Amino acid sequence: MKKIINFVVLIPIGIILIVLSVANRQSVRLALNPFNPDDSVLSVSAPFFVFLFLAVIFGLVVGSFATWVSQHKYRKRARNEAHEAVKWHTEAEKQRVRAENIASQALVPSRSV
């Protein structure tokens, strides 16, 4: 089922990306100096689709980072609960060993000579 969904989703996305690349292959210049756009040191020339893809990738990275930061409280809570679970499992094991020792001492008859 997962392969079918991936096939149904990824094939159209791939086709759209190829069509977008072919339609926007003319070279454009991105000027990074707002005061002097003709400055060649702070400008990059590339096909337009490269800038589009970079914008999409940048958006994905920023969105992923924002999601990761916003979920900090849930990760912290999970970490604390895991620590508590380990602590209580260790305590339960200590009590089980202690109960077995007490039970074994009660079963052994004491000899008075």
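Residues numbered from 1 in each chain as written. Predicted model: local features only at pLDDT ≥ 70, side-chain atom pairs only at ≥ 80, totals over all residues. Heavy atoms only, no water.

(A) Structural view of the pattern of salt bridges. Counted according to the given criterion, the structure contains four salt bridges. Glu-81 serves as the salt-bridge partner of Arg-77, at 3.1 Å between the closest nitrogen and oxygen. You can see Arg-77 and its partner Glu-81 sitting in helix α3 (residues 72–107), four residues apart, about one turn around the helix. The class of Arg-77 is exposed, set by a relative accessible area of 56%. A salt bridge links Arg-96 to Glu-93; the nearest nitrogen and oxygen atoms lie 2.3 Å apart. Within this pair, Arg-96 and its partner Glu-93 are both found in helix α3, separated by three residues, close to a single helical turn. The exposure class assigned to Arg-96 is partly exposed, which follows from its relative accessible area of 39%. Take Glu-93: its relative accessible area is 39%, and that puts it in the partly exposed class. Via salt bridges that share partners, Glu-93, Arg-96 and Glu-100 belong to a single interconnected network. (Salt bridge = Lys/Arg side-chain N within 4 Å of Asp/Glu carboxyl O. Helix = DSSP H or I, 4+ residues; strand = E, 2+ residues; numbered from the N terminus. Buried < 20%, exposed > 50% of the residue type's maximum accessible area, 1.4 Å probe, protein only.)

(B) Geometry of the packing of aromatic side chains. Throughout the structure, instances matching the rule amount to two aromatic pairs. Centre to centre, the rings of Phe-49 and Phe-53 are 5.7 Å apart; their planes meet at 65°, and the pair counts as edge-to-face. Taken together, the positions of Phe-49 and Phe-53, both in helix α2 (residues 48–70) and four residues apart, correspond to about one turn of that helix. (Phe/Tyr/Trp six-rings, centres within 6.5 Å; stacked < 30°, edge-to-face > 60°.)

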